[in-house]
Amino acid sequence: MAGHSKFKNIMHRKGAQDARRARDFAKIIREITVAAKTGLPDPAFNPRLRAAVAAARAVNMPKDNVDRAIKKAAGSGEGDSFQEVRYEGYGTAGVAIIVEALTDNRNRTASDVRAAFNKYGGSLGEMNSVSFMFERLGVITYPESVAEYDAMFEAAIEAEAENVDLVDGYYEITCPMGNFFAVRDALESKFSDPESAKIEWRPSNTVTLTEDNAQTLLKLIDTLEDHDDVQNVFANFDLPDDVAERLSV
């Protein structure tokens with residue numbers, strides 16, 4: 001999302017990282033389950049599963065947890081069956097929001113997501129009501145310490161990425177969604193595992209928030225991200241530096 005690094009800084013100051021880690025583990029296990037069920041249960045031959053395993057490593061999930069989730073998903077069909085769903089709507093100040101979820105109960109999840117939007121002055125819309133304002137991109141990040149900029153840029157462009165930005169000490173490599181796995185694998189072979197590698201919705205334009213609007217919107221995003229079924233939340237807001245600083249006090 002626009003202003004994503006500032007938003008992450010605000011999240012960090014909450015001191016709730018341990019609780020969030022437990023939720024992150026649950027969400028990644030759910031993604032591993034779906035990836036293993038919809039493709040081969042071997043990360044070497046299943047790009048989506050490989051991405052999920054990499055995400056698990058990034059949050060230091062024990063390998064036994066990962067292996068157990070893959071084996072369970074590859075078994076005789078036992079366990080939960082999750083569906084991928086997407087919700088779209090508007091938050092305060094007309095900010096467009098996309099919510100991606102994996103759920104075993106679509107009615108429950110839809111009701112909870114709608115309730116969150118309503119509570120914080122937003123409104124849930126129809127499918128594709130806001131996604132036309134976003135572009136699907138592969139986003140791969142590495143710490144700046146792994147390579148000089150020229151080396152990272154050359155490797156990324158050679159792998160057919162579109163751009164390399166240096167943001168808050170991290171390289172952010174973006175590429176078309178269709179090239180994501182090829183770009184990620186090419187960079188991984190040169191620089192080892194990335195800090196993160198995801199397909200994201202990136203906005204074409206942004207809404208600049210005031211402090212009041214930002215407080216309400218961030219509460220909505222917090223509520224959505226804390227939901228067990230929600231995997232990702234994307235929004236087209238921009239948080240000015242002065243507003244971010246006041247919110248982080």
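The rules behind these values
- Residues numbered from 1 in each chain as written.
- Predicted model: local features only at pLDDT ≥ 70, side-chain atom pairs only at ≥ 80, totals over all residues.
- Heavy atoms only, no water.
- UniProt positions renumbered as here; feature names shortened; annotations may be inferred.
- Helix = DSSP H or I, 4+ residues; strand = E, 2+ residues; numbered from the N terminus.
- Expected span 1.5 Å × (residues − 1).
- Buried < 20%, exposed > 50% of the residue type's maximum accessible area, 1.4 Å probe, protein only.
- Arc of directions from axis to C-beta.
- Contact = heavy atoms within 4.5 Å.
- Pairing = 2+ DSSP bridges.

For the protein chain, an unreviewed UniProt entry supplies the name Probable transcriptional regulatory protein R83534S58_LOCUS1209 and the organism Commensalibacter papalotli. Quoted verbatim from the Sequence similarities (unreviewed entry) field of UniProt, the annotation for the protein chain is "Belongs to the TACO1 family." We quote the UniProt Subcellular location (unreviewed entry) comment for the protein chain here in full: "Cytoplasm".

**Student:** Describe helix H5 (residues 106–119), and please don't skip the residues or the numbers.
**Tutor:** Relative to the 20 Å expected for 14 residues at 1.5 Å per residue, H5 spans 20 Å between its end C-alpha atoms, a close match to the ideal helical length. Every buried residue of H5 is listed here: Thr109, Ala110, Val113, Ala116 and Phe117. The arc enclosing the buried residues of H5, seen along the axis, measures out at 130°, which places them on a common side. What points out from H5, more than 90 degrees from its buried face, is the exposed set Asn107 and Lys119. Buried positions along H5 lie against strand E1 (83–90), strand E2 (96–103), strand E3 (123–124) and helix H8 (211–226). Where H5 terminates, the next one or two residues include Gly121, which has phi positive at roughly 75°.

**Student:** Could you give an account of the pairing of E2, with specific residues and numbers?
**Tutor:** Counting buried positions along E2 gives eight out of eight residues, so the element sits mostly inside the fold. Neither face of E2 is open: one carries Ala96, Ile98, Glu100 and Leu102, the other Ile97, Val99, Ala101 and Thr103, and all of them are buried. Across eight bridges, E1 lies against E2 in antiparallel orientation. In the strand pairing of E2, Val85 is matched with Ala101. Between E1 and E2, which pair antiparallel one after the other, the connecting turn spans five residues, and Ala93 there sits at a positive phi close to 65°. Across five bridges, E2 lies against strand E9 (residues 230–235) in antiparallel orientation. Across the sheet, Ala101 pairs through a bridge with Val230, a residue of E9.

**Student:** Can you explain the sheet that holds E9? Please cite residues and give values.
**Tutor:** In space, the four strands of this open sheet follow the order E3-E1-E2-E9, with antiparallel pairing throughout. Two strands close off the open sheet at either side, each with one partner strand: E3 and E9. As paired elements, E1 and E3 share two bridges and run antiparallel to each other. When the bridges of E3 are listed, Tyr90 appears paired with Ser123.

**Student:** Please provide a residue-by-residue account of the environment of Glu158, values included.
**Tutor:** Checked against the element boundaries, Glu158 lands in helix H6 (residues 149–158). Looking at Glu158, the relative accessible area reads 57%, which means it is exposed. The sequence separation of Glu158 and Leu187 amounts to 29 residues, and the corresponding C-alpha distance is 9.7 Å.

**Student:** Can you tell me about unusual backbone geometry, naming the residues and giving the values?
**Tutor:** Even without a glycine there, the phi angle at Asn60 is positive, about 60°. Structurally, Asn60 is set in the loop between helix H3 (47–58) and helix H4 (63–73). Residue classification places Asn60 among the exposed residues on the basis of a relative accessible area of 58%. For Ala93, which is not glycine, the phi torsion reads 65° and is therefore positive. One can find Ala93 in the loop between E1 and E2. Overall, the relative accessible area of 39% leaves Ala93 in the partly exposed class.

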